[in-house]
Structures are given as structure tokens and as C-alpha cells.
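One-letter residues, chain by chain:
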Amino acid sequence: MDVAHCYLDGNADAVEFCPHEAFRNILAASTYTLQERVGDQQQSRSGSISLFDVDPGSHRLELLHRLETTGIFDIKWNPIGDHSSPLLALADADGYLRIYNLLDVSSAPGAFLRESSSMHVSSSMCLYLDWNPSATSISVGLSDGSVSIISLCGSQLSVQKEWKAHEFELWTTCFDIHQPYLVYTGSDDCRFSGWDLRNSPSTLAFQNSKAHKMGVCCIVKNPNDPFALLTGSYDEHLRVWDVRSISKPVIETSICLGGGVWRIKYHPFSSDVVLAACMHNGFAVVKMKGGIAEVIETYSKHGSLAYGADWQRGRSDRGDGGKDDVVATCSFYDRLLRVWIPEKCGATS
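Worth saying up front: this structure is predicted, and the values here are computed from it rather than measured.

**Structural notes on the overall build of the chain**
And step 1. Broken down by element type, the chain carries zero helices and 30 strands.
And step 2. The C-alpha atoms of the chain give 19 Å as radius of gyration, which agrees with the globular expectation for 349 residues (20 Å, within 12%).
And step 3. By its C-alpha atoms, the chain is 55 × 50 × 50 Å across when sized along the principal axes.
And step 4. Counting across all 349 residues of the chain, residues that qualify as buried make up 58%.
And step 5. Long-range pairs, those at least 24 residues apart, make up 49% of the contacts in the chain between residues at least 6 apart in sequence.
And step 6. On the chain, roughly 14,700 Å² of surface is accessible, and the fraction owed to carbon and sulfur atoms is 47%.
And step 7. The centroid of the 30 positive side-chain charges in the chain is displaced by 4 Å from the centroid of its 41 negative side-chain charges.

Below is the structure:
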């Protein structure tokens, strides 16, 4: 069921609901727009972050705040900690990692972002980022195939480690939330790798170069199963891995989703359900059980590349006393942001 939609000010590439309890209504959306060279003018990459207030019950999708930036490839809220306040990290086309505080104004309705720290990580573009579980480190994938591990102490950012992990663009990097000394990376070189941060320099725990027929776009660890991990690829397959033997991960099952699997997000309450952004084939809700993966719902109301996808952490009240799951999705060239409610992923009563 559709809740609301709007058009952003640039090509839409990422959406992230804030996971922090008091701010679960806040949705961040980012853009990346390549400005082609005109005459002597240099080619540039512009972007923005927009904050929205989302209330599915009243079909509200209200713009609260917008920041103009350079082109953004990825955004992520910090994980929920005992005393943590909401922070939004972004990876941009100028090679910067930037951290923003989410501020709430008590004298007026709304929220806004204020930059708290930034770091020029590389002359290459920052393509992807992931927080470690304690929100003290961020892994950043770079367009030259390198990965950087950046520490965050207060508002100070510093490079812990950096190494050349792949030959081509490093599209995704992921901390193992059960073993945070492990970092996974995936690249345009079709390789899926794991790295042990306890060694200096970081050592290769494994590398699989045969499973993916095209570039690896995303890697996500199952938050409730220490041995389960998912990868998505341009080859249109979502793969479920068993990583209990870290030196030799094994594919348990895979499913073709009909488009490059750009993003995968686990359901916040059901660890056997994921939302996938499938580039040329819209969005899919996939259920995995007993070694079998199946598509239980698709969403095709976007007219361009399906890039951004996320679940809202709180559930929306239904009129009959039950609760619904809420998702946000965005597509690139048509600049479209949609909020909707899946019909088949297990709404509770």
C-alpha cells in the first residue's frame, strides 16, 4: 500500500530511516547528480541530504531540512548504543567522510543536521561506508579499490588502517557485527573478501573470486545469526553464505532477482526477511527459510534504477489494532522517493 511520495532535488541514491527510538520518524535521503562539462566549465558532482518526517498513519512525508553537498554515494546512521545520540555519516564524491549530528529544535517542530566532523580520506571517491557495532569505527570503500578504517573518538576522525583490497571500485564494505575485527569487502573485480583487522597490516582471511559472475554490490551480515551473510551482485543474484568457517565461506542458496542487487536490508524484527533494491527490476521482499529463498512481494512503482531501500524501525498502527511494516525506496534518474507498506512480509495483529 502506498503511503506517500515526492521528488528530490537530484538523482536519488540512498534512503535511511533513523534507528534511534525518539527519531524513528526521521528519514534521510541523499542524491548524486553529475553535472556535465559545458564549454570551459569543469565536470562537477552535486548532491544533497534531505530529512523527512514520516507518519504512515496520516500519509505524511514532510520535508524538514535539506543540505546542499557534493555528490553523495552512501549514508548511514550510527548504531544504537547505551548513550549514543543520532549521527549520520556520509561518503562523498570528493573523497570525504562527513559526520552530522541530528538536532531537534524544541521551540519549533522539526529536526536538522549540523556537521560535527569531516575527513578527506582519499583523492579517490568514497563509495560506501559501514559503522562497527560500537560506533567507534567506520569502514569506507574507495573507487581505487582501497578500504579505509576510520576511528571516531568524540568528534575526531583518524585513519586506523588503509590498504589496497581490490583492483577496481570497492562498492561495499561490512563489519562483522558478531566479530568486529573482521571486515568484508566486495568490488567490481567480482571478488568477495574477508579481512582480519587484528593484524597490521590487515591480512586476508579469505577471498572468493568464482561465485559472483559480475561485480559485488553489497554485503550484509545477519544481525541474529553469527554464521549467515548475504551478498548482492550485478549478476542479479542474492546469495546466502555460511561463514562459520571464515577461511572458506560456503553458499547455502541463491536467488535471481531479475536486476543487479544494489542494496539489501534485513527486516528489523524478522531475520528471515530482507528488502532488496534490484536496479532495473524495482524492489523485492525476499523470505529465506530452510535453505530456500523466495520472492514474496515486488514493488515496481519507480520508473528508474532502484537504488535506495530501508525499513522503518517502528511499526505503523493499523485501524484494526494491528501493526504494519513501513519501507522507503528511491530511484535514481527520476529522483523519486516513495514510502509504502508491504502486504506480505508478516504484518502483525
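Once you've had a look at it, read on.
**A few points about unusual backbone geometry**
And step 1. At the junction of Ser200 and Pro201, the peptide bond is cis and its omega measures out at 0° in the coordinates.
And step 2. On the secondary structure map, Pro201 appears in the loop between β16 (192-196) and β17 (203-208).
And step 3. Notably, Glu236 is not glycine yet its phi reads approximately 80°, a positive angle.
And step 4. Residue placement: Glu236 occurs in the loop between β19 (228-233) and β20 (237-242).
And step 5. On the basis of relative accessible area, Glu236 is assigned to the partly exposed category, the value being 30%.

**With respect to the side chain of Thr33**
And step 1. Within the secondary structure, Thr33 is located in strand β3 (residues 26-35).
And step 2. On the basis of relative accessible area, Thr33 is assigned to the buried category, the value being 9%.
And step 3. Separated by 3.0 Å, the side chain of Thr33 and the backbone nitrogen of Asn11 make a polar contact.
And step 4. Excluding anything up to four places from it in sequence, Thr33 contacts Gly10, Asn11, Ser44, Arg45, Ser46 and Arg335.

**Quick look at the pattern of salt bridges**
Opposite charge on two side chains makes pairing possible when the charged atoms of those side chains draw close.
And step 1. Within the structure shown, the criterion is met by 17 salt bridges.
And step 2. Beyond isolated ion pairs, a larger network of salt bridges with shared partners links Glu16, Lys265, Asp310 and Arg313.

**Side note on the packing of aromatic side chains**
And step 1. Scanning the model with the defined rule gives twelve aromatic pairs in all.
And step 2. For the pair Tyr32 and Phe73, a centre-to-centre distance of 4.7 Å together with 35° between the ring planes defines the contact as tilted. Taken together, the residues span a long stretch of sequence, with Tyr32 in strand β3 and Phe73 in strand β6 (residues 72-77) at a distance of 41 residues.
And step 3. Taking relative accessible area as the criterion, Tyr32 reaches 12% and is therefore assigned buried.
And step 4. Seen from their ring centres, Tyr299 and Trp340 are 3.9 Å apart, and the 5° between their planes marks the pair as stacked. Note that Tyr299 is positioned in strand β25 (residues 292-299) and Trp340 in strand β30 (residues 336-340), a separation of 41 residues in sequence. Trp340 shares its class with Tyr299; the two are buried.
And step 5. Taken together, the aromatic side chains of Trp171, Tyr234, Trp262, Tyr307, Phe332 and Tyr333 make up a single cluster linked through ring pairs.
And step 6. In this structure, Arg244 is placed above the aromatic ring of Phe227, and the distance from its NZ or CZ to the ring centre is 4.3 Å.

**Observations concerning the sheet that holds strand β13 (residues 156-164)**
And step 1. Across the sheet, which stays open at both edges, the four strands sit in the order β10-β11-β12-β13 with antiparallel pairing between neighbours. Of all the strands in the sheet, the pair left with one neighbour each is β10 (126-131) and β13. Here the average twist between neighbouring strands, direction ignored, is 25°.
And step 2. Sheet analysis places strand β11 (residues 137-142) next to strand β12 (residues 146-153), joined by five bridges and oriented antiparallel. Paired with Ile138 across the strands is Ile150, a residue of β12.

**Looking at the nonpolar core**
And step 1. Formed by 18 residues in total, the largest nonpolar core has its most connected members in Leu27, Phe52, Leu61, Leu337 and Val339.
And step 2. Counting only elements with at least two residues in this core, the list comes to β1 (2-7), β2 (12-17), β3, β4 (44-55), β29 (327-331) and β30.
And step 3. In contact with Leu27, other than residues within four places in its own chain, are Val15, Glu16, Phe17, Ser50, Leu51, Phe52, Val54, Leu61, Ala328, Leu337 and Val339.

**Brief notes about the pairing of strand β22 (residues 263-266)**
And step 1. Burial along β22 is two-sided: Arg263 and Lys265 and Ile264 and Tyr266, pointing in opposite directions, are all buried.
And step 2. Here β22 pairs with strand β23 (residues 273-277) via four bridges, running antiparallel. Across the sheet, residue Lys265 finds its bridge partner in β23, namely Leu275.
And step 3. Following β22, the chain reverses through six residues before pairing antiparallel with β23.

**Quick notes on the environment of Asp225**
And step 1. Assignment of secondary structure puts Asp225 in the loop between β18 (216-221) and β19.
And step 2. Under the relative-accessibility criterion, Asp225 is labelled partly exposed at 29%.
And step 3. The sequence separation of Asp225 and Leu142 amounts to 83 residues, and the corresponding C-alpha distance is 28 Å.
And step 4. A distance of 2.9 Å separates a polar side-chain atom of Asp225 from the backbone nitrogen of Phe227.

Calculation notes
- In this numbering scheme, every chain counts its residues from 1 along its sequence in written order.
- Reporting of local features is limited, given that this is a predicted model, to residues whose pLDDT is at least 70; pairs of side-chain atoms are given and counted only at 80 or more, and all residues count toward the totals for whole chains, interfaces and linings.
- Side-chain metrics rest on all non-hydrogen atoms present in the structure, leaving aside hydrogens and water.
- Only runs of H or I of at least four residues qualify as helices and only runs of E of at least two qualify as strands under DSSP, and these elements are numbered from the N terminus.
- The globule rule used for comparison is 2.2 Å times the number of residues to the exponent 0.38, while the radius of gyration itself is calculated over C-alpha atoms.
- Throughout this description, buried means an accessible area under 20% of the type-specific maximum (1.4 Å probe, protein chains only), exposed means over 50%, and partly exposed covers the range between.
- The criterion used for residue contact is that any of the two residues' heavy atoms lie within 4.5 Å.
- Throughout, the Shrake-Rupley method with a 1.4 Å probe supplies accessible areas, and for residues the shown protein chains are the sole cover considered.
- We treat Lys and Arg as the positive residues and Asp and Glu as the negative residues; His and chain ends play no part in the count.
- To locate a charge, the coordinates of NZ of Lys, CZ of Arg, CG of Asp or CD of Glu are taken.
- Pairs of N or O atoms are called polar contacts if they sit within 3.5 Å, as long as, within protein, a hydrogen donor faces a hydrogen acceptor (for residues adjacent in sequence, only side-chain-to-side-chain pairs).
- Salt bridges, as used here, are contacts in which a Lys or Arg side-chain nitrogen is within 4 Å of a carboxyl oxygen on Asp or Glu.
- A pair of aromatic rings is counted whenever rings of Phe, Tyr or Trp (Trp by its six-membered ring) have centres within 6.5 Å, and the orientation is called stacked for planes under 30 degrees apart, edge-to-face for over 60 and tilted otherwise.
- Should the NZ of a Lys or the CZ of an Arg lie within 6 Å of a ring centre and within 35 degrees of the ring normal, that charge is described as sitting over the ring.
- For two strands to count as paired, DSSP must find a minimum of two bridges between them.
- Between N-to-C directions, angles cover 0 to 180 degrees, with each direction set by a line fitted to C-alpha atoms, over the stretch in contact for helices.
- The nonpolar core is taken to be a set of buried Ala, Val, Leu, Ile, Met, Phe, Trp, Tyr and Cys residues, with the residues joined through side-chain atoms within 4.5 Å.

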